[in-house]
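# What the coordinates show
The primary structure of each chain is shown beneath.
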Number of protein chains: 2
Amino acid sequence: MTNTQSTSFSAGASCGTSQIAGCRFSLHPMDDQFVSLLKGAMEKADTSKIWRSTDDVSTCVRGREIHIFDVVKAMVLHTAKTGAHVALNATFSIGCPGDTEGDAYMAEDDIRLNEPVVKDLSQYVSSQFALYPMGDPDYMKTIMDQVAVAEKHGTLKKGVHYASGLHGDIHDVFATLEEVFANAQQSKSSHIVMTVNMSINSPSHQEDK
Amino acid sequence: MTNTQSTSFSAGASCGTSQIAGCRFSLHPMDDQFVSLLKGAMEKADTSKIWRSTDDVSTCVRGREIHIFDVVKAMVLHTAKTGAHVALNATFSIGCPGDTEGDAYMAEDDIRLNEPVVKDLSQYVSSQFALYPMGDPDYMKTIMDQVAVAEKHGTLKKGVHYASGLHGDIHDVFATLEEVFANAQQSKSSHIVMTVNMSINSPSHQEDK
Ligand SMILES: [Ca+2]
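Here the structure is a predicted model, which means the values were calculated and not measured.

This brings us to the relation of the copies chain A and chain B. With an RMSD of 0.0 Å, chain A superimposes on chain B once it is rotated by 180° and translated 0.0 Å along the axis. Such values leave the two copies arranged in the relation of a two-fold axis. A shared interface surface links the copies, since 100% of the contact residues of chain A are contact residues in chain B too.

Next up, the structure:
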């Protein structure tokens, strides 16, 4: 049983020394052609600066934070551009990795490979995010501070139970998520988890745009 | 800005006194007929013992833990029984509620309304779960202990980055999740979050059953 959530966290020797980030996510196109549609869209993203593994439930990408956000946003946008109603479910994580998979990618530079390709594509998204700063009794303050940051971005929609709503153009929403995730790492917690659920091209979005 | 993740957690006066549980979830049928399919399936579940609210991204149910698990499992099963490839994304939470929405449902008894209807439906599911015991520096031990519990249930598939895989019949997997979530509340953390991603009727599941 290598490599579970537990054993990953418990390899404490390397805790806090590696800044490898990761995201476990899945994209769900509500469409009969979901297999070909997903395959086509995900192949359009340049993943050469990140480690990547897909199983029957989700895809995991690991590497530098900047490239994790770059790749996930690109995959979402390429899928959205098929016109299908698509949902993203993602868990971003940074902190105790407990293993070395993907470590080779930590040497990559700061140039986002996908941003030039997707930056001019606009796409309304509605989403909900939650921050989980682990191991810190003051985690509530970290969360409150970052919800305030989202409000400053103009993307905060409203609070809901267990999450905060973010909506707007996908680039603004991802910029908010990326800043919130980076800021939370300045707290006392060395292990930050952020979940994101995003709904795109929903039949119920007409009134919100 | 009432009712965000932050303000919910920060209404500390009531922290730990209420044992209201909740789940924010969405079901994604990868099918052109997702709207009618979801509506039909979700209406089949008896929700009279829980509070419920749906927005453009997800559905939130609140009430006693036992009825939260009963309702979510029933909704997943009714959707799965349409034959569509369906994904569940769910965040279960118990701890500081910070507000009173749904509190009226805390007086309900221990009789599960949906279990008699769904208990004889079998359904293979593959899933990944992660536990987030908040505010506790020893959270890693809580997680490790509960992964061991999943292993005892015979549902543990394998560990992956940021989560643990669970698979098998949906009733065994939900029994594991419910026990793990209950056990984690016996730790030092008073606020337990558990995320679950489940894939059902996937074209890639043939080899795993
Ligand atoms: Ca169809």
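Listed as interface residues are 68 residues of chain A and, on the opposing side, 68 residues of chain B. For the pairing of chain A and chain B, the buried interface totals around 5,700 Å² over both sides, and the portion due to carbon and sulfur atoms is 62%. Our count for the chain A to chain B interface comes out at two salt bridges. One salt bridge connects Asp 56 of chain A with Lys 157 of chain B, and the closest N-O pair in it is separated by 3.3 Å. By residue number, the principal contributor to the side of chain A that touches chain B is strand 5 (residues 124–134) of chain A, which donates nine residues. Of the residues assigned to the side of chain A that touches chain B, the class counts are 30 nonpolar, 26 polar and 12 charged.

The next subject is the environment of Val 118 of chain A. Residue and element names in this part refer to chain A. Among the secondary structure elements, Val 118 is positioned in helix 4 (residues 115–118). For the pair formed by Val 118 and Ala 45, sequence separation is 73 residues and the distance between their alpha carbons is 9.5 Å. Apart from residues lying up to four places away in sequence, Val 118 is in contact with Lys 73, Ala 74, Leu 77, His 78 and His 171.

Looking at where Ser 127 of chain B falls in the secondary structure, it is placed in strand 5 (residues 124–134). Assessed through its relative accessible area of 1%, Ser 127 of chain B is described here as buried. With residues up to four places along the chain from it excluded, the contact list for Ser 127 of chain B reads Val 57 of chain A together with Ser 164, Gly 165, Leu 166, Val 173, Asn 197 and Met 198 of chain B.

On to the sheet that holds strand 1 (residues 21–29) of chain A. Residue and element names in this part refer to chain A. Here eight strands make up an open sheet; going across it, the order is 2-3-1-4-8-5-7-6 and the pairing antiparallel. The sheet terminates laterally at strand 2 (51–54) and strand 6 (156–160), the two strands that pair on one side only. With strand direction ignored, the average angle separating the axes of adjacent strands in the sheet is 20°. The pairing of strand 1 with strand 3 (residues 59–63) spans five bridges and is classified as antiparallel. The residue of strand 3 that forms the bridge with Phe 25 is Thr 59. In this fold helix 3 (residues 65–80) packs onto strand 1, strand 2, strand 3, strand 4 (86–94) and strand 8 (191–200), with an angle of close to 5° to the strand it touches most, strand 1.

UniProt records the feature "domain: Thiamin/hydroxymethyl pyrimidine-binding YkoF putative" (unreviewed entry) for residues 20–99 and 126–204 of chain A in the present numbering. Taken end to end, residues 126–204 of chain A has its terminal C-alpha atoms 10 Å apart, with 38% of it in helix and 39% in strand.

Residue and element names in this part refer to chain B. Taken N-terminus to C-terminus, the directions of helix 5 (residues 139–153) and helix 6 (residues 170–184) make an angle of 150°; their axes are 10 Å apart at the nearest point. For the element pair helix 5 / helix 6, the angle class is roughly antiparallel. Of the two elements, helix 5 crosses helix 6, and the hand of that crossing is right-handed. Residues Thr 142, Gln 146, Val 149, Ala 150 and His 153 of helix 5 lie in contact with helix 6, whose contacting residues are Ala 175, Thr 176, Glu 179, Val 180, Asn 183 and Ala 184. A breakdown of the residues in the contact of helix 5 with helix 6 according to their chemical character gives five nonpolar, five polar and one charged.

In this section: the UniProt feature "binding site: thiamine" (unreviewed entry) in chain A. Residues and elements named next belong to chain A. Feature annotation in UniProt assigns "binding site: thiamine" (unreviewed entry) to the following positions: Leu 27 and Thr 59. The annotated residues occupy 33 residues of the chain but converge on a single region, no pair of C-alpha atoms lying more than 9.0 Å apart. Relative to the assigned elements, Leu 27 resides in strand 1. Sequence-distant contacts of Leu 27, defined by excluding residues within four places in its chain, comprise Leu 38, Met 75, Val 76, Thr 79, Val 86, Ala 87 and Leu 88.

Here is what the cut-offs are and how they apply
- Residues numbered from 1 in each chain as written.
- Chains lettered and ligands numbered in written order.
- Predicted model: local features only at pLDDT ≥ 70, side-chain atom pairs only at ≥ 80, totals over all residues.
- Heavy atoms only, no water.
- Least-squares fit on C-alpha atoms with pLDDT ≥ 70 in both.
- Contact = heavy atoms within 4.5 Å.
- Buried area = accessible area lost by both parts, 1.4 Å probe.
- Salt bridge = Lys/Arg side-chain N within 4 Å of Asp/Glu carboxyl O.
- Helix = DSSP H or I, 4+ residues; strand = E, 2+ residues; numbered from the N terminus.
- Nonpolar A, V, L, I, M, F, W, Y, C, P; charged D, E, K, R; others polar.
- Buried < 20%, exposed > 50% of the residue type's maximum accessible area, 1.4 Å probe, protein only.
- Pairing = 2+ DSSP bridges.
- Axes fitted to C-alpha atoms, helices over the stretch in contact; angles between N-to-C directions.
- UniProt positions renumbered as here; feature names shortened; annotations may be inferred.
- Parallel < 35°, antiparallel > 145°, perpendicular 65-115°, else oblique.
- Left-handed = near helix turned anticlockwise from the far one by under 90°.

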